[in-house]
Amino acid sequence: MRRMTYRQAVTEAIAAEMRRDDSVVFFGEDVAKPGGVFKVTPGIYEEFGPVRVRDTPISEQAIIGTALGAAITGLRPIAELMFADFIPVAMDQIVNQVAKYRFMSGGQFTVPLTIRASQGGGGGFGTQHSQCAESWLMNFPGLKLAVPATPADMYGLLRAAIRDDDPVIVLEHKSLYNLVGDVDLEAAPGELGKAEIVRPGQDLTLVATQQMLHRALEAAESLAEDGISPEVIDLRTLVPLDGETILRSVQGTSRLLIVEEAPRLGGWGANVAALVADEGLFHLDAPIKRVNMENALIAYSPALEDEIIPNARKIEEAVRQLLSET
Amino acid sequence: MRRMTYRQAVTEAIAAEMRRDDSVVFFGEDVAKPGGVFKVTPGIYEEFGPVRVRDTPISEQAIIGTALGAAITGLRPIAELMFADFIPVAMDQIVNQVAKYRFMSGGQFTVPLTIRASQGGGGGFGTQHSQCAESWLMNFPGLKLAVPATPADMYGLLRAAIRDDDPVIVLEHKSLYNLVGDVDLEAAPGELGKAEIVRPGQDLTLVATQQMLHRALEAAESLAEDGISPEVIDLRTLVPLDGETILRSVQGTSRLLIVEEAPRLGGWGANVAALVADEGLFHLDAPIKRVNMENALIAYSPALEDEIIPNARKIEEAVRQLLSET
Amino acid sequence: MALEAGDRLDKESRMRALLAMVKIRLAEEEIQNLFMANLVRGTTHLAIGQEACSAGVALALCEGDSVTCTYRGHGHALALGMSLRALMAEMMGKESGACRGRGGSMHMTDKSIGLLGANAIVGAQLPIAMGAALTAQVKGTGAIAVTFFGDGAANIGLFHESLNMASVWKLPVLFICENNLYGEYSPIRETTPIDDIADRAGAYAMPGVIVDGQDVEAVQAATAAAAARARNGEGPALLELKTYRYGGHSRSDTGPYRKPGELAHWQERDPIDMLAARMYSDGELDQEEFLEIKDALAQEVFAAVEWAKAEPFPPPQSLADYVYASD
Amino acid sequence: MALEAGDRLDKESRMRALLAMVKIRLAEEEIQNLFMANLVRGTTHLAIGQEACSAGVALALCEGDSVTCTYRGHGHALALGMSLRALMAEMMGKESGACRGRGGSMHMTDKSIGLLGANAIVGAQLPIAMGAALTAQVKGTGAIAVTFFGDGAANIGLFHESLNMASVWKLPVLFICENNLYGEYSPIRETTPIDDIADRAGAYAMPGVIVDGQDVEAVQAATAAAAARARNGEGPALLELKTYRYGGHSRSDTGPYRKPGELAHWQERDPIDMLAARMYSDGELDQEEFLEIKDALAQEVFAAVEWAKAEPFPPPQSLADYVYASD
Ligand SMILES: Cc1ncc(C[n+]2csc(CCOP(=O)(O)OP(=O)(O)O)c2C)c(N)n1
Ligand SMILES: Cc1ncc(C[n+]2csc(CCOP(=O)(O)OP(=O)(O)O)c2C)c(N)n1
Ligand SMILES: [Mg+2]
Ligand SMILES: [Mg+2]
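Quick look at the overall build of chain A
A count of helical and extended segments in chain A gives twelve helices and 14 strands. A compact globule built from 326 residues would reach a C-alpha radius of gyration of about 20 Å, and chain A, at 20 Å, matches this within 12%. Taken along the three principal axes of its C-alpha coordinates, chain A extends 60 × 45 × 40 Å. Considering chain A as a whole, with its 326 residues, one finds that 75% of them fall into the buried category. A sequence separation of at least 24 residues applies to 81% of the contacts in chain A between residues at least 6 apart. Counting only carbon and sulfur atoms, one obtains 47% of the accessible surface of chain A, whose full area is about 8600 Å². If you average the places of the 29 positive and of the 45 negative side-chain charges in chain A, the two averages end up 3 Å apart.

A word on the coordination of the magnesium ion (ligand 4)
All names here are of chain D. In the first shell of the magnesium ion (ligand 4), the protein supplies Asp151 (OD), Asn180 (OD1) and Tyr182 (O), at 2.0 to 2.2 Å from the metal. Counting residues between consecutive donors of the magnesium ion (ligand 4) along the chain gives the motif D-x28-N-x1-Y. An identical accessibility class is assigned to Asn180 and Tyr182; each is buried.

Quick word on the coordination of the magnesium ion (ligand 3)
Residues and elements named next belong to chain C. Taken together, the protein ligands of the magnesium ion (ligand 3) are Asp151 (OD), Asn180 (OD1) and Tyr182 (O), with distances of 2.0 to 2.2 Å. Of note, the donors binding the magnesium ion (ligand 3) are all from one chain and are spaced D-x28-N-x1-Y. What makes Tyr182 buried here is its relative accessible area of 5%.

Some remarks on the packing of aromatic side chains
Overall, the coordinates contain 30 aromatic pairs over all chains when judged by the stated rule. Here the aromatic rings of Tyr182 of chain D and Tyr257 of chain D are separated by 5.0 Å at their centres, their planes lie at 50°, and the arrangement is tilted. One end of the pair, Tyr182 of chain D, is in strand β5 (residues 182-183); the other, Tyr257 of chain D, is in the loop between β8 (237-242) and α8 (262-267), and 75 residues separate them in sequence. In this structure, Arg54 of chain A is placed above the aromatic ring of Trp169 of chain C, and the distance from its NZ or CZ to the ring centre is 4.7 Å.

Brief notes about the interface of chain C and chain A
Where interface size is quoted, it is often the accessible area lost as the parts come together. Listed as interface residues are 40 residues of chain C and, on the opposing side, 42 residues of chain A. Carbon and sulfur atoms supply 61% of the area that chain C and chain A bury against each other, a total of about 3300 Å² over both sides. By the criterion of area lost to chain A, the three top residues of chain C are Glu161, Trp169 and Tyr324 of chain C, representing 18% of everything that side buries. Run the count over chain C and chain A and you get zero salt bridges. Viewed at the interface, chain A and chain C are joined by 20 residue pairs in polar contact (both at pLDDT 80 or more). No other element matches helix α5 (residues 125-139) of chain C, which puts ten residues into the side of chain C that touches chain A. Per-class residue counts for the side of chain C that touches chain A are 21 nonpolar, twelve polar and seven charged.

Structural notes on a negative patch on the surface
Residue and element names in this part refer to chain C. Taken together, Asp286, Glu288, Glu289, Glu292 and Asp295 make up a surface patch of like negative charges. When you line up the elements, Asp286 lands in the loop between α9 (271-281) and α10 (287-310). For Asp286, a relative accessible area of 39% translates into the label partly exposed.

What to know about the domain arrangement of chain A
All names here are of chain A. The assigned domain composition of chain A is domain 1 (2-183) and domain 2 (196-324). Each of domain 1 and domain 2 has a C-alpha centre, and the two are 26 Å apart. Summed over both sides, the interface between domain 1 and domain 2 buries roughly 2100 Å², with carbon and sulfur atoms accounting for 56% of that surface. Counting the surface domain 1 buries against domain 2, the share from its top three residues, Ser135, Met138 and Val147, is 26%. One can count one salt bridge joining domain 1 with domain 2. A salt bridge links Arg236 to Asp153, with the shortest nitrogen-to-oxygen separation between them at 3.0 Å. If you list the elements that add at least two residues to the side of domain 1 that touches domain 2, you get α6 (134-137), β6 (144-146), α7 (151-163) and β7 (168-173). Of the residues assigned to the side of domain 1 that touches domain 2, the class counts are 13 nonpolar, 13 polar and four charged.

A few points about the state of the cysteines
Applying the stated criterion across every chain yields a total of zero disulfides over all chains. Cysteine Cys177 of chain C shares no disulfide, and the gap to the nearest cysteine sulfur, in Cys53 of chain C, comes to 9.5 Å.

Let's talk about the packing of helix α1 (residues 11-36) of chain D against helix α9 (residues 271-281) of chain D
Residue and element names in this part refer to chain D. At a minimum axis separation of 10 Å, α1 and α9 run at an interaxial angle of 150°. Taken as axis vectors, α1 and α9 run roughly antiparallel relative to one another. The way α1 lies across α9 gives a crossing that is left-handed. Contacts between α1 and α9 involve Lys11, Arg14, Met15, Ala17, Leu18, Met21, Val22 and Arg25 from the first element and Pro271, Ile272, Leu275, Ala276, Arg278 and Met279 from the second.

Thoughts on the sheet that holds strand β11 (residues 230-234) of chain A
Residues and elements named next belong to chain A. The five strands are arranged β9-β11-β10-β13-β14 in an open sheet whose pairing can be described as mixed. Pairing within the sheet leaves two strands with one partner each, and these edge strands are β9 (196-199) and β14 (289-291). When strand polarity is set aside, the average angle formed by the axes of neighbouring strands in this sheet is 30°. Pairing geometry for strand β10 (residues 204-208) and β11, over five bridges, is parallel. Across the sheet, Leu204 pairs through a bridge with Pro230, a residue of β11. Running at roughly 160° to strand β13 (residues 256-259), helix α12 (residues 312-324) makes contact with β10, β13 and β14 of the sheet.

Comments concerning the site of ligand 1
Close contacts around ligand 1 come from 22 residues, with Glu60 of chain B together with Tyr71, Arg72, Ala120 and Gly152 of chain C the closest. With respect to ligand 1, the side chain of Tyr71 of chain C contributes an N or O atom lying 2.8 Å from an oxygen atom. Between ligand 1 and Asn180 of chain C there is a distance of 2.9 Å, counted from an oxygen atom to a side-chain nitrogen or oxygen. When ligand 1 sits alone it has 580 Å² of accessible area, and the protein chains cover 97% of it. Of the residues in the shell around ligand 1, the class split is eleven nonpolar, six polar and five charged.

What counts, and at which threshold
Residues numbered from 1 in each chain as written. Chains lettered and ligands numbered in written order. Predicted model: local features only at pLDDT ≥ 70, side-chain atom pairs only at ≥ 80, totals over all residues. Heavy atoms only, no water. Helix = DSSP H or I, 4+ residues; strand = E, 2+ residues; numbered from the N terminus. Rg over C-alpha atoms; globule rule 2.2 N^0.38 Å. Buried < 20%, exposed > 50% of the residue type's maximum accessible area, 1.4 Å probe, protein only. Contact = heavy atoms within 4.5 Å. Areas by Shrake-Rupley, 256 points an atom, 1.4 Å probe, with all protein chains shown as cover. Lys, Arg positive; Asp, Glu negative; His and termini not counted. Charge placed at Lys NZ, Arg CZ, Asp CG, Glu CD. Donors = N, O, S within 2.8 Å, 3.2 Å for Na, K, Ca; no water. Phe/Tyr/Trp six-rings, centres within 6.5 Å; stacked < 30°, edge-to-face > 60°. Lys NZ or Arg CZ within 6 Å of the ring centre and 35° of its normal. Buried area = accessible area lost by both parts, 1.4 Å probe. Salt bridge = Lys/Arg side-chain N within 4 Å of Asp/Glu carboxyl O. Polar contact = N/O pair within 3.5 Å; in protein donor to acceptor, adjacent residues only side chain to side chain. Nonpolar A, V, L, I, M, F, W, Y, C, P; charged D, E, K, R; others polar. Patch = residues over 30% accessible without salt bridge, like charges linked within 9 Å, V, L, I, M, F, W, Y side chains within 5 Å. Domains from an automatic or database assignment. Disulfide = S-S within 2.5 Å. Axes fitted to C-alpha atoms, helices over the stretch in contact; angles between N-to-C directions. Parallel < 35°, antiparallel > 145°, perpendicular 65-115°, else oblique. Left-handed = near helix turned anticlockwise from the far one by under 90°. Pairing = 2+ DSSP bridges. Near = heavy atom within 4 Å.

Structure representation (structure tokens):
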């Protein structure tokens, strides 16, 4: 066990896999010599050298396409796209190429490719540098999607992604880079597709990820003082989606509140709601509620940014409101 | 009233708006002299000339960016992207620029821009030329999204899109180009954000769009013979989403089946389900069901393509199944 | 830069080139028939007239090299050695097709011959070949990668990103532009402000070479020279093969945008005829032999089509296969 | 191509350039203070050292022309005439900011001065300026558009698509590359295989001009020449302004990647000092006047900051405003 930040967990995961497997290579903009704009990958270039670790030109499409070509010919690339907001710049390569390559070839290729990007709001980076990408990316079969919320999960899921034979997008939440936690460097890699009940409870189910998970836990803490006990689930991966854990929890609590850092339309929470409204409808004692960003955008102004991104207070209010519904 | 195809309705709508308003311009790949790869825009170049109607290089990003710049400086561009599958190539311009431009400027600009693309499966075009794009595009506040299913709606909604002061993406379903219907060329433009009950009924609500709408109607016809009467709703636009019409219908029928030409995860139907599971839960007598493409991709092989895209038979089965649930 | 066309090919290589080109021509004519008869759904993009490009490049490659190409890829597939059966079955969406019917006409792919994929998104295949070149570079295999694209693709952003990054990383990759004068129905002069795509190479500090794309020997020589340079660690090159498609852009296009006489002009320099004529005059082939060759290949094509027609479709319950590796 | 630098500017224009450059410098120094003191959240990208680029281009533009630029856009905004108050209030996310606090440091935008937007996605602003040029062309207004970008942006796909399409359509747009030698922490020579971005112009059949980006008069002259050509219907041009940023890429960057002595070398050719020296020697300015100018501008900057601090934030209930025109 070592105490480390979420940021360090990324570095450690990449280093561990590169040590273990020569075919792992890593590239992106300013990731090698500079160690990444969020200082997430210092030392990787120094340890593994210029053949396996490379800075690229500002060319997101070429980065992903090259990583794909390398993945189908024997390497296990990790490609970084810096801000998840830049994913759309390389969108064709991600959704029409990477996601579909194995399928279109009738299974001739596997695509062991990891794409990393940092995402999320709260830092005052403005409308084009604060988005979460998982809700868009859920639309493309062929991709897997991990959204770790703790240093241990980052270490576990990023290694799982690198070892996985399918393309996995790992989204790192910027607001969590300094979060500290215990990490077992010798642990087996995480499992893609497994949610975790991070706080058991019986009054309602709270489903969240990343920054929202921590805020949900904060709300749960405060609600506990009033004897309200939410069960808090960290989805950890959105594809595959662990429907079983969600349904089992809702069966116990009869109420579901989904907390997303995403606009309402299109948000991943709609998928969770749809799942429960289909397979778990008769467990429900109340409407499925969602706390999210409505259909608006993240502004630069702190006054607006702090308002639009759900916080513990809003989650708490939504819980109390939901418990009052019948 | 004139009988015309869905294809002709596109041509007529563009021509009508270009006649009415000098600031409407139109460009895209092979849309001018060749009249479009689906022969959707013949005669437009001849009537309005090379200044207002242009063929472009194969440069989707530049097409959308140029259209955006023109839109904020006094033109009303219609930009064509040919296949909706190419939307990801221009994704940054669409979702980070077009969608957010007004917001980021604090309302200094309006963006009266129409983006057209043809979409959908069933034609044997393979994995990269058969997708529907509306489910991805729902994730981006700032965009509006129209999916007309009939010649009259195409004529009405495309004109509404061109006149709208916000960016509207109009998706034309390839399988409907030859569909014939009556169109009133003098009618007022359609209204974005209004669903239509195209077949009233009381046993359950069937929500669909475009190709799926026609298949749902086919299923309804056949179910009627057994005395089963579904209420069929054509959403027509996904953003804005007409929740009111859906909720009112479900209140009457107590059952909801959503039919999508989309993979299950991320599909727009999840949003409709989430809406009803929130605001209409207590109307429901049965789980909310969805017929869609599961989490798979459209193959080239007709055997697989015909299997994966929902058809009337599958919709009918799902209806019968849903009516048997309690 | 000093890429120079080599000598003429020896008889055996010429014969290989001739066989490849005739096979492509006959196979594509048959494919067009299938489509026009509506025996196959969807669309198709033929390379009839452009056979020297794929055949010439393929002759210059070695085992272990990789190729990506476009939807106009039947020629590349056959030149690299895809079996006619796998091709025809794929064309019909059959389980025994090269991609088990999942790919179709636009996605002819065969890992076993180094054909990493034909792409239906303009330009998307360029960096995928670079990835194969990266693998070769990282592993030090000495292999190279080749990517084919059209004149129209030279205007898409990814062309630029690819050539730039390949040059910076000195990747062993050849960018091969088959300039057939049109992107769909638009003449290149209306979408591109320069005459020669090869002139863009300078923007990336790499060699740019204009090659007679109707002369299979010239194509082979230019490719071999660029390949040798790439294998030698000197980085990528851009080759522009000047060529022409006799047919329309795709199935339904009759080519109304052509200038009068243009097609006939190009047909005078038909790649198959040109090579055959040289072989005649060098005493390497006579008319009768050539007829026999054509006949045999026509039989082979016919047999492959008949075989493919009888093959089964993928089972419906397999529709979600191959989406993930674990499927 | 025959773009030629014009004569020296007259005294009045020089004075305008000097005022603009000093204002930018002082305003940005103050912005850096605000960020380092954590009075403002997020990040910022300063153009200190590059002031001659924005000031020189702005001097060559006319009313009705349009500009797009990057996140490193405070200089462009001020050179074009944005008020210091609107800028500072925007920097702090206040309702009275240029974008009502929605944009922030990376999105300084002011329709009233023709500044159509600063973009935080590398390269995304290029075609947006082309759209303004298209409007001018369609409406025959005689206006032009200008788009600023960095050396790093010259490797992104959209650069290529934009220059190509602008050339084909002969749009009245100027592509202005501020080559400050770095894209974030990466030196241009490690990401770009050629020395001069201007050399890429040939791939698009447009003029490419290398300009001393530290000499505001050279920038003005080159821009004016290219602008005249564009207004005349002769199409776009690519200008490469050789320049240098004294600070890091953004707020937190201290520039450890610089070569020793590099910064000092560039500071010897400081754009403000260079112009001031010329004005001294031409008798258009003396040291005392210059000090007074600086002082007055410093006061103005200070007053704008203080004013902005006291301004209100946008009301929380307005968070969904301006997403749609109907809001
Ligand atoms: C990104 C993208 N844009 C547009 C298309 C539609 N399209 C298919 S082929 C083609 C023309 C390509 O021309 P060229 O590159 O010259 O290749 P050719 O077909 O002549 O071999 C176009 C525009 C596409 N498939 N992908
Ligand atoms: C598409 C995209 N990729 C990456 C980034 C991150 N990024 C911001 S600025 C920058 C460097 C740009 O360098 P250059 O174009 O030279 O402009 P400069 O900052 O030097 O003015 C990068 C990589 C981005 N904002 N957008
Ligand atoms: Mg072509
Ligand atoms: Mg720079």
